[in-house]
Amino acid sequence: MTKKYDVVVVGAGPAGAMAAKTAGENGLKAALVERKKDIGNMGRSCCMMLLVMNEYYFGERMGINTRDGRLNFPVNGFNIKLHGGYKDLYAYHIYAPNGHRVTLGDADHERKQENPHRIALVHDKGALVQGLVEEAARAGVDVFDGTNVTNIKKKKNGVSVITDKDTLNATFVIAADGVNSRIADNVGFNKDRELLGLFLVYGTTFSGLKGFDPNAFSQILYGMPDPAFIGISPLAGQDGFHVVAIGLDPAINLEKTMKRVMTESTFAPWFKDARVIGHHAAVEKLYSPIYEPYKDNVLLAGDACWTQEAENTGCLMAGWRAAHSVTEALLEGNISKEGVKSYLDWWKRSYCDTYNYASYVKNFILSYIMTSDDIDYFLGHFKKPFPGKLNAYTTFDVLGAELPNVLPKMAVERPTIIPKILAFNMAPINVLFADQIKAAQAILNA
Ligand SMILES: Cc1cc2nc3c(=O)[nH]c(=O)nc-3n(C[C@H](O)[C@H](O)[C@H](O)COP(=O)(O)OP(=O)(O)OC[C@H]3O[C@@H](n4cnc5c(N)ncnc54)[C@H](O)[C@@H]3O)c2cc1C
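Procedures and definitions
Residues numbered from 1 in each chain as written. Predicted model: local features only at pLDDT ≥ 70, side-chain atom pairs only at ≥ 80, totals over all residues. Helix = DSSP H or I, 4+ residues; strand = E, 2+ residues; numbered from the N terminus. Rg over C-alpha atoms; globule rule 2.2 N^0.38 Å. Near = placed C-beta within 6 Å. Nonpolar A, V, L, I, M, F, W, Y, C, P; charged D, E, K, R; others polar. Pairing = 2+ DSSP bridges. Axes fitted to C-alpha atoms, helices over the stretch in contact; angles between N-to-C directions. Buried ≥ 20, exposed ≤ 12 C-beta atoms within 10 Å, placed from the backbone. Expected span 1.5 Å × (residues − 1).

**Q** Explanation requested: the overall build of the protein chain in the structure shown.
**A** Across its full length, the protein chain holds 15 helices and 21 strands. Computed over C-alpha atoms, the radius of gyration of the protein chain comes to 22 Å, within 12% of the 22 Å expected from 2.2 N^0.38 for 446 residues, which places it in the range of a compact globule. Its C-alpha atoms put the protein chain at 70 × 50 × 35 Å along the principal axes.

As structure tokens, this is what we get:
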């Protein structure tokens, strides 16, 4: 027998878990469908930071209640329990291959303060998502784990969600099935999107890793001929770090990149006593965002409609907003795009019209423009400490503001780096990513 719901949420990441919990708490007849059997098991790489805590981000000014560990979203008007706990981040460290560190924020100073200035948190994402799903189930949501959504069909008064087990009928669907969203594809959203390449990640979780600050997000930037962005984020509930090797070139073996960092790089001594306690990975299509994530009673939420990452916090907000908007439409009997306008307006205002996705993805192309030697030289000019900042869209502007002071010297000492800096700052995104686009198209069309 097919079942009928007010809303079916697809995907139990931060966006879907939050949407399901909110829909259930609003009294909707709701279902959550997740293909993983073990919802809290995070095999897909994530540095698990909650960004950002010291400025507005996606229209929100997040705070943490240190007495009860609840994360609050005062602009949107809700808070959540951070199941699994959290750890403060006070600094962002960018390392050149030779070990030079550009420092944003003073972790040593903040650790001694009674009221430290945190720039972000790290959390246990598996525990958070699992906890939100349990809250959703307690609010009456039917949770179908281990169930894969294979297709979606528009019907006269709603949508049919076809899974590998059953068909669920709903008035609305909230598709929170992540960056490679099958639903976005099936409903036809991807036809007008620009493909910028593939985002490839090989990740390892370590205990016993020394050297990196336990209250900082650290990054090592390698250039040609072995380009990679290495991200190192501390674990929330124990000593240890997630380390991710990120690349945009499918021909590069990132497992080998990770091994090289561990055994041959300037940082190899820090890995001497490190023990591997987990592995994770990701292969993601990098698409331009979807400006209007609604079609035929389907709302997209979270990574499903952004480029690569709408961030854990942004996805929590998107899930919360999408579920409230669906509730509003049902109460009004306005089952239409107009009915869910509050969500669509929020999405445009907080994401599309405020943040340029290109400023974010550009962070990863520098490795393909400069050599590792260029990066050593370039980052070596940034010696003074900067204020703490961990906003993927604007942190590089802080370094950019220093360029007028350092470019004349660079032009004399290393003229070959000037066109690279200009290209990074000024070339259109499709020109910067031309090779990555070609490589991705070859794989996806094969
Ligand atoms: C290397 C890396 C590091 C990152 N670091 C950070 C960070 O530090 N901080 C931060 O905020 N963000 C970070 N992100 C981004 C963050 O992980 C995402 O923005 C966030 O998880 C997106 O949440 P979501 O709910 O939209 O999708 P996901 O978390 O991707 O969840 C989607 C869910 O849908 C399920 N699903 C997919 N297809 C189907 C289907 N057909 N049927 C049923 N279920 C399905 C999946 O199994 C999954 O559980 C990082 C991402 C990467 C790749």
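Read on, since the account is not over.
**Q** Sorry if this is basic, but what is going on with the site of the ligand here?
**A** The full set close to the ligand counts 38 residues, and Gly11, Gly13, Cys47, Gly178 and Gly302 are the nearest of them. If you list the elements that add at least two residues to the shell around the ligand, you get helix H1 (14-25), strand S18 (241-247) and helix H6 (312-332). Taken together, the residues of the shell around the ligand sort by class into 19 nonpolar, 10 polar and nine charged.

**Q** Please explain the sheet that holds strand S5 (residues 70-73) as it appears in this structure.
**A** The strands making up a sheet associate through backbone hydrogen bonding, with each pair oriented either parallel or antiparallel. Ordered by their spatial adjacency, three strands build an open sheet running S4-S5-S6, and the pairing between neighbours is antiparallel. At either margin of the open sheet sits one strand with a lone partner, and together these are strand S4 (63-65) and strand S6 (78-81). On average, each strand axis in the sheet is inclined to that of its neighbour by 30°, with strand direction left out of account. Two strands pair when backbone bridges link them, and S5 and S6 are joined in this way by four bridges, in the antiparallel orientation. Note on S6: the bridge partner recorded for Leu71 is Ile80.

**Q** Sorry, what's going on with the pairing of strand S16 (residues 216-222) here?
**A** In terms of burial, S16 is a largely internal element, six of the seven residues being buried. Summarising the sheet, strand S8 (residues 91-95) and S16 pair through five bridges and their orientation is parallel. Looking at the pairing, Ala91 lines up with Ala216 of S16. Strand direction decides the pairing type here: S16 and strand S17 (residues 228-234), joined by five bridges, are antiparallel. Within S17, the residue paired with Leu221 across the bridge is Phe229.

**Q** How should I be thinking about H6 in this particular structure?
**A** Since one α-helical turn is 3.6 residues long, residues separated by three or four positions face the same way. Here H6 spans 30 Å end to end across 21 residues, near enough to the 30 Å set by a 1.5 Å rise per residue. Here H6 lies mainly inside the structure; 18 of its 21 residues are buried. Of the residues one or two after H6, Gly333 is the one with positive phi, at around 65°.

**Q** Looking at this structure, I do not really get the sheet that holds strand S10 (residues 120-123). What am I missing?
**A** With respect to topology, three strands assemble into an open sheet ordered S3-S10-S7, the strand pairing being antiparallel. Only two strands of the sheet have a single partner each, and these edge strands are strand S3 (49-50) and strand S7 (86-89). Direction of pairing for S7 relative to S10: antiparallel, over a ladder of four bridges. Residue pairing across strands places Leu89 opposite Ala120, the latter belonging to S10.

**Q** Explain unusual backbone geometry to me, please; I cannot follow it from the model alone.
**A** Peptide bonds are, in most cases, trans, and in most cases residues other than glycine have a negative phi. Omega for the bond connecting Leu51 with Val52 falls within 30 degrees of zero, at -20°, which places this linkage in the cis form. At the junction of Met224 and Pro225, the peptide bond is cis and its omega measures out at 10° in the coordinates. For Pro225, the location among the structural elements is in the loop between S16 and S17. Phi is positive for Met48, close to 60°, though the residue is something other than glycine. Here Met48 lies in the loop between strand S2 (30-33) and S3. The class of Met48 is buried, set by 22 C-beta atoms lying within 10 Å.

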